[in-house]
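Listed here are the chains, written in short residue letters.
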Amino acid sequence: MSPRRKRRLCLHRPPSGSLPASESVPAFPFSGSVHPGSEHLPPHPQSFADRQPAASAACPLSCRNFGKAERQRLVAETFARFQLTDKQKLYPLNLSGGLQQLIGVARAVIASPRLILADEPTGNLHSAQAREIMELFTKLNQEGATIIQVTHSEVNASSSHRIVRLPDGAVVKE
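Residues numbered from 1 in each chain as written. Predicted model: local features only at pLDDT ≥ 70, side-chain atom pairs only at ≥ 80, totals over all residues. Heavy atoms only, no water.

**Remarks on unusual backbone geometry**
Keep this limit in mind: Think of it this way: any DSSP run of H or I at least four residues long counts as a helix, any run of E at least two long counts as a strand, and we number them from the N terminus.
Its identity is not glycine, yet N65 carries a phi of approximately 65°, on the positive side. Residue position: N65 is located in the loop between helix 1 (53–63) and helix 2 (68–81). The backbone of Q83 shows a phi angle near 55°, a positive value even though the residue is not glycine. Take Q83: it is sitting in the loop between helix 2 and helix 3 (97–109).

Now the structure itself:
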């Protein structure tokens, strides 16, 4: 079977705790508007096609009622961490796929969520950036976040506590 057909679901095991699943998750339309309410799941990435990166990264903070000054501080810190400071005023159509992906990862982690769902989080990144993202995921996991990652990368999968192999959508090895 070709490597492209193999998909892995990688689970970073939380040290302890639980995640409430009883809350309803609001619908996030593709128009760019975001409805506050869920602190567990971020808005859909395509909701941000008409937003500059800084505004898109601040959105999960708005959903969790962070004040304007705190949002601005966290966005500045996060963009500095990802070396994206000079990209804050551009629009997604003016950014490469790799930069869009980095901004998506920044948006996903900015509010310190307890659950991160990552589908090929490093697919458009060069190897040094991919390593940094995986190191960040490992650090977040050690701090208590649960990370569910879908990847074709054996390197990314090897950083997980648990690997579930899903060729053709069926669990064949856990």
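The discussion continues.
**Observations concerning the nonpolar core**
Definition in use: Among buried residues, the Ala, Val, Leu, Ile, Met, Phe, Trp, Tyr and Cys ones that are joined through side-chain atoms within 4.5 Å form a nonpolar core. Partly exposed residues are those whose accessible area sits between 20% and 50% of the maximum for their type, while under 20% is buried and over 50% is exposed, using a 1.4 Å probe and protein chains only.
In this structure, V75, F82, F137 and L140 are the most contacted members of the largest nonpolar core, which totals 27 residues. Those elements giving two or more residues to this core turn out to be helix 1, helix 2, helix 3, strand 2 (115–119) and helix 4 (127–142).

**Remarks on the confidence of the model for the protein**
A low pLDDT means the predicted coordinates there should not be read in detail. This is how the line gets drawn: pLDDT runs from 0 to 100 and stands for how confident the predictor is about each residue. Whether two residues are in contact is decided by their heavy atoms, any of which lying within 4.5 Å being enough.
Mean pLDDT over the protein works out to 75, with 71% of the residues at or above the 70 mark. Strand 1 (residues 8–12) is the least confidently modelled element of the protein, averaging 40 in pLDDT, while helix 2 averages 92, the highest of any element. Considering only residues more than four positions removed or in separate chains, one finds that residues 1–15, a stretch of pLDDT under 50, has 62 contacts. Every residue in residues 24–43 scores below 50 in pLDDT, and together they form 39 contacts with partners more than four places removed in sequence or on other chains.

**What about the environment of L125?**
Residue position: L125 is located in the loop between strand 2 and helix 4. For the pair L125 and Q101, spaced 24 residues apart in sequence, the C-alpha to C-alpha distance is 7.7 Å. Ignoring any residue separated from it by four or fewer positions in sequence, one finds L125 in contact with G98, Q101, L102, A130 and I133.

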